[in-house]
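Structural characterization, general
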Amino acid sequence: MRTFLDFAIDGVPLRELALAWDPSVDTDRFSTKLTEDDPHEAADEIDALLGRMGLEPNEYQGLLFLPGSQNITADGLAAQLSFETDHVVWGNFAWGDASPWLDFDASHRIENAPMFTFDRLQYETVLLEARDHYIRYIAGPSRG
């Protein structure tokens, strides 16, 4: 069993929202990269979600992944992220090959998926708390 931090929007896991948008994809097996199994990757993923990885305006950021999948059209859920002064927007959700996102094929867009707008300060606060958790996990137990 894989343990990971999950994305929830208004208390509903993103996996459940994605299933409602497209019932043909079994999202129960999807997870985020926010796991102690690879805390370095988790910290990098958070940096990307914070806009620190320099995504171009039309590039997609992976959000959910199907570990070990060989299905190129639906082994990841991604969105285009927009960073404004006071808010962050996730929109244009699409299924696709989860690696690399730079080659993501947006032809598998989920047309009925809405856009989500987050208060930037709250968004960054939650992600930075999670990032701190993984950085502490990497550092190991404190000595003292």
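Described below are features of the structure shown in this document. (Residues numbered from 1 in each chain as written. Predicted model: local features only at pLDDT ≥ 70, side-chain atom pairs only at ≥ 80, totals over all residues. Heavy atoms only, no water.)

Here's the deal with the packing of aromatic side chains
Considering all chains together, one arrives at 8 aromatic pairs under this definition. For the ring pair Trp90 and Phe118, a centre distance of 5.1 Å and an interplane angle of 70° mean the geometry is edge-to-face. Taken together, the positions of Trp90 in strand β5 (residues 87-95) and Phe118 in strand β6 (residues 116-119) put the pair 28 residues apart, joining distant regions of the chain. Both residues of the pair, Trp90 and Phe118, count as buried. Each member of the aromatic cluster is reached from another via a ring pair, and the members are Phe7, Trp90, Phe118 and Tyr123. Stacked on the ring of Phe65, the Lys or Arg Lys33 has its end atom at 4.4 Å from the ring centre. (Phe/Tyr/Trp six-rings, centres within 6.5 Å; stacked < 30°, edge-to-face > 60°. Helix = DSSP H or I, 4+ residues; strand = E, 2+ residues; numbered from the N terminus. Buried < 20%, exposed > 50% of the residue type's maximum accessible area, 1.4 Å probe, protein only. Lys NZ or Arg CZ within 6 Å of the ring centre and 35° of its normal.)

So, helix α1 (residues 14-21)
All buried positions along α1 are accounted for by Leu14, Arg15, Leu17, Ala18 and Trp21. Looking straight down α1, one finds that the buried residues subtend no more than 160° of arc, so they occupy a single side. In this structure, the buried residues of α1 make contact with β1 (8-9), β2 (12-13), β3 (61-65), β4 (76-83), β5 and β6. (Arc of directions from axis to C-beta. Contact = heavy atoms within 4.5 Å.)

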